[in-house]
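Residues per chain are reported as follows:
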Amino acid sequence: MATFDKEANSDNGNAVLDLNAQRRAALAEVDNAKFGWFHVRACMVAGVGFYTDAYDIFAINIASTMIGQVYNASNHAGKLTANQDLGLKIATPVGTLCGQLLFGYLADVFGRKRMYGIELMVIIVATVGQAVAGHGPAISIIGVLVFWRFLMGLGIGGDYPLSATITSEYAATRIRGRMMTAVFASQGWGQLSAAIVSLVVITAFKKQILADPSYYPHHIDFCWRLLIGLGAVPGGVALYFRLTLPETPRFTMDVERNVKQASTDVDAFLTTGGYVHDYEAGHAQVDAPVASRRDFFAHFSKWENGKVLLGTSYTWFALDVAFYGLGLNSSIILQAIGFGSPSVGTAQMKRYITLHNVSVGNIILSVAGLIPGYWVSFLLIDSWGRKPIQLLGFTMLTILLCIMGFAYHVLVKHVAGFVVLYCLTNFFQNFGPNTTTFIVPGEVFPTRYRSTAHGISAASGKFGAIIAQVMAFKLKDRGGTNNWINHILEIFALFMLTGLLATILIPETKGKSLEELSGEDQDNFIKSTPKPIISRT
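Everything in this summary refers to the structure shown in the same document. Remember, it's a predicted structure, so these values are computed and weren't measured experimentally.

Here's the deal with empty space enclosed by the protein
Line of reasoning, step 1. Across all of its chains, the model carries 1 cavity of 30 Å³ or more by this definition.
Line of reasoning, step 2. The space that makes up the largest cavity amounts to roughly 70 Å³.
Line of reasoning, step 3. Considering the residues around the largest cavity, the lining is formed by Arg23, Asp254, Pro446, Thr447, Arg448, Arg450, Leu514, Glu515, Ser518, Glu520, Gln522 and Phe525.
Line of reasoning, step 4. Partitioned by chemical class, the residues of the lining of the largest cavity number 3 nonpolar, 3 polar and 6 charged.

Structure follows, in structure tokens:
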């Protein structure tokens, strides 16, 4: 009997070794895969989502000017009140924060594939809802838009952990940084597109806008609805491809604990770009670490793991607190380069020139700093590394915001210098922590918590953005219009310095596999042979 038990244990041990070896071999195939069509498809499908997100977020900055001209034409000088403007602009980040936490958790529980596309459906519905929003005696147009923009924010929030996790889990190690940067850089094109679409729409309606009564510019109502509504188009195009994207082998292997199926999926997607995963079939589960509340706290209560989550969360928080600092000064920059509001002309002409200038000015600002920063990061992220880029970015942002803050009143009188500093700050945000704070959380956590932890990190950043917007709203006009902006910029510089210090907590991820970065024993990841077959409902 003892001999039989020894033989059984020996067979089980060999089976476990075989499963661990099979798992490592499948992961090595993914990590060492040649760049191919499937990688391009993953980047495009994820990137279109971020393009849509940025378009929808940025479009409201232009649309809010149009909405004020239409609905406050007879009062408030054709502008939104401060509270209306804050409500429209803060509703989306509040929704985004909730979406990042919710979808990040759900993607780790139900799978990346099952959740991917749902968040895009939410964005599409909410975008269309804004475009057809109305008002009446019982409810204002601003209230309706705030509701839809919060709902849209939920979808946008879901895109962060899902797109980051899916891209990182499919990418080969040597190109993972570039793939994730390419996805995130789609934001720059989304912002640029929003400004271009605004310019096209305004130009198309020029005759009608100039012919409108001075007291009611009703054709501008067409313009803002078209501008926002067209944001649903790229999302609609991407929806089918998101719904048909295969589940990542890492989720199948480490969360569903189905090594055999994951190995088959790896072969399928690397050769055909498809998958053979049957979501209704039962499967045998190996004995590997299982996600649970107790396991989550046990994992992150260890300092070597907890400090990484603290680092990714705080650096994103610090960045987004200051990220709003540039938005405070966009009107000053536009005025300085000749794209502000006109002071002479008929009411109709002033409206048209204001909207035209806002659109053209934002095109210039996007091209001057935002987009170049993303693509310099793309070129260097896998050769230089994430941490050096983040350290450089935070250092430069600290210096630039200090100069802009302490020399603010001198610089606004010498606009050329202020414009240069503004564009440099935009550049070093994207060739710096705005890119790396998105990438690193998608790499450094175990598969079973990767999406959740990325959602926590991203939500921390969005919380910082909300604080910054409310703080700026309350403080910037203390002692007079825009009188406190210099001090706000100084506060933002301090946050950049703290972000620089917190970067010490995160590891360098360049050239390392996701399993190396997870901090877990990979040689003995699977403890025993598969348990009895479990059927899914």
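Here the narrative resumes.
Examining helix H2 (residues 37–71)
Line of reasoning, step 1. Taking 1.5 Å per residue, 35 residues should reach 51 Å; H2 reaches 49 Å between its end C-alpha atoms and fits that length.
Line of reasoning, step 2. Largest kink in H2: about 35°, centred on isoleucine 62.
Line of reasoning, step 3. Most of H2 sits inside the fold, with 26 of its 35 residues counted as buried.

A look at the environment of valine 45
Line of reasoning, step 1. In this fold, valine 45 is placed in helix H2.
Line of reasoning, step 2. By relative accessible area, valine 45 is classed as buried at 5%.
Line of reasoning, step 3. Residues valine 45 and glycine 235, spaced 190 residues apart in sequence, show a C-alpha to C-alpha distance of 9.8 Å.
Line of reasoning, step 4. If we ignore the near neighbours within four places in the chain, the residues touching valine 45 are Tyr116, Phe241 and Arg242.

Some thoughts on the packing of helix H6 (residues 141–170) against helix H7 (residues 176–204)
Line of reasoning, step 1. Relative to each other, H6 and H7 sit at 150°, their axes nearing to 9 Å. Overall, the two elements H6 and H7 adopt an arrangement that is roughly antiparallel. In this structure, the crossing between H6 and H7 has a hand that is right-handed. Facing H6, whose interface residues are Tyr160, Ser163, Ala164, Thr167 and Ser168, H7 presents Arg176, Met179, Met180, Val183, Phe184 and Gln187.
Line of reasoning, step 2. The residue makeup of the contact of H6 with H7, split by class, is 6 nonpolar, 4 polar and 1 charged.

Notes on the packing of aromatic side chains
Any aromatic ring pair is given by two values, namely how distant the centres are and how the planes are angled relative to each other.
Line of reasoning, step 1. Across all of its chains, the model carries 25 aromatic pairs by this definition.
Line of reasoning, step 2. With a centroid separation of 6.2 Å and 40° between ring planes, the pair formed by tryptophan 384 and phenylalanine 431 is classed as tilted. In this pair, tryptophan 384 is assigned in the loop between helix H15 (347–380) and helix H16 (386–406) and phenylalanine 431 in the loop between helix H18 (415–430) and helix H19 (433–439), connecting sequence segments 47 residues apart.
Line of reasoning, step 3. Among the aromatic side chains, those forming a connected cluster through ring pairs are Phe50, Tyr160, Phe184, Trp316, Tyr374 and Phe438.

Focus on H6
Line of reasoning, step 1. Taking 1.5 Å as the rise per residue, H6 with 30 residues should run 44 Å; its terminal C-alpha atoms sit 43 Å apart, in good agreement.
Line of reasoning, step 2. By the criterion of burial, H6 is predominantly enclosed, with 24 of the 30 residues buried.

Description of the packing of helix H3 (residues 82–110) against H6
Line of reasoning, step 1. Closest axis-to-axis distance for the H3/H6 pair is 5 Å, and the angle between their directions is 35°. Here H3 and H6 pass one another in a crossing that is right-handed.
Line of reasoning, step 2. Residues belonging to the contact of H3 with H6 are distributed by class as follows: 16 nonpolar, 11 polar and 1 charged.

Quick notes on the pattern of salt bridges
Between side chains of opposite charge, a pair can form when the charged atoms approach closely.
Line of reasoning, step 1. The final tally for this structure, using the stated rule, is 15 salt bridges.
Line of reasoning, step 2. The partner of aspartate 254 in a salt bridge is arginine 23, with the nearest N and O atoms 2.9 Å apart. Placement of aspartate 254 in helix H11 (residues 249–254) and of arginine 23 in helix H1 (residues 2–31) is noted, with a sequence separation of 231 residues between them. With respect to class, aspartate 254 is no different from arginine 23; both count as buried.
Line of reasoning, step 3. When the shortest N-O distance is used, the salt bridge between arginine 112 and glutamate 169 registers 2.7 Å. One end of the pair, arginine 112, is in helix H4 (residues 112–115); the other, glutamate 169, is in helix H6, with 57 residues separating them in the sequence.
Line of reasoning, step 4. On the accessibility criterion, arginine 112 (1% relative accessible area) is buried.
Line of reasoning, step 5. Through salt bridges with shared partners, a single ionic network connects Arg176, Arg178, Asp382, Arg386 and Glu443.

About the thresholds
- Residues numbered from 1 in each chain as written.
- Predicted model: local features only at pLDDT ≥ 70, side-chain atom pairs only at ≥ 80, totals over all residues.
- Heavy atoms only, no water.
- 1 Å grid on protein atoms, 1.4 Å probe; cavity = no way out; pocket = protein on both sides within 12 Å on 5 of 7 lines; lining within 4 Å.
- Points joined across faces, edges and corners; volume = space filled by probe spheres on them.
- Nonpolar A, V, L, I, M, F, W, Y, C, P; charged D, E, K, R; others polar.
- Helix = DSSP H or I, 4+ residues; strand = E, 2+ residues; numbered from the N terminus.
- Expected span 1.5 Å × (residues − 1).
- Bend = angle between axes of the 7 residues up to and from the residue.
- Buried < 20%, exposed > 50% of the residue type's maximum accessible area, 1.4 Å probe, protein only.
- Contact = heavy atoms within 4.5 Å.
- Axes fitted to C-alpha atoms, helices over the stretch in contact; angles between N-to-C directions.
- Parallel < 35°, antiparallel > 145°, perpendicular 65-115°, else oblique.
- Left-handed = near helix turned anticlockwise from the far one by under 90°.
- Phe/Tyr/Trp six-rings, centres within 6.5 Å; stacked < 30°, edge-to-face > 60°.
- Salt bridge = Lys/Arg side-chain N within 4 Å of Asp/Glu carboxyl O.

Honestly, that's just the spatial picture; any functional story needs more than this.
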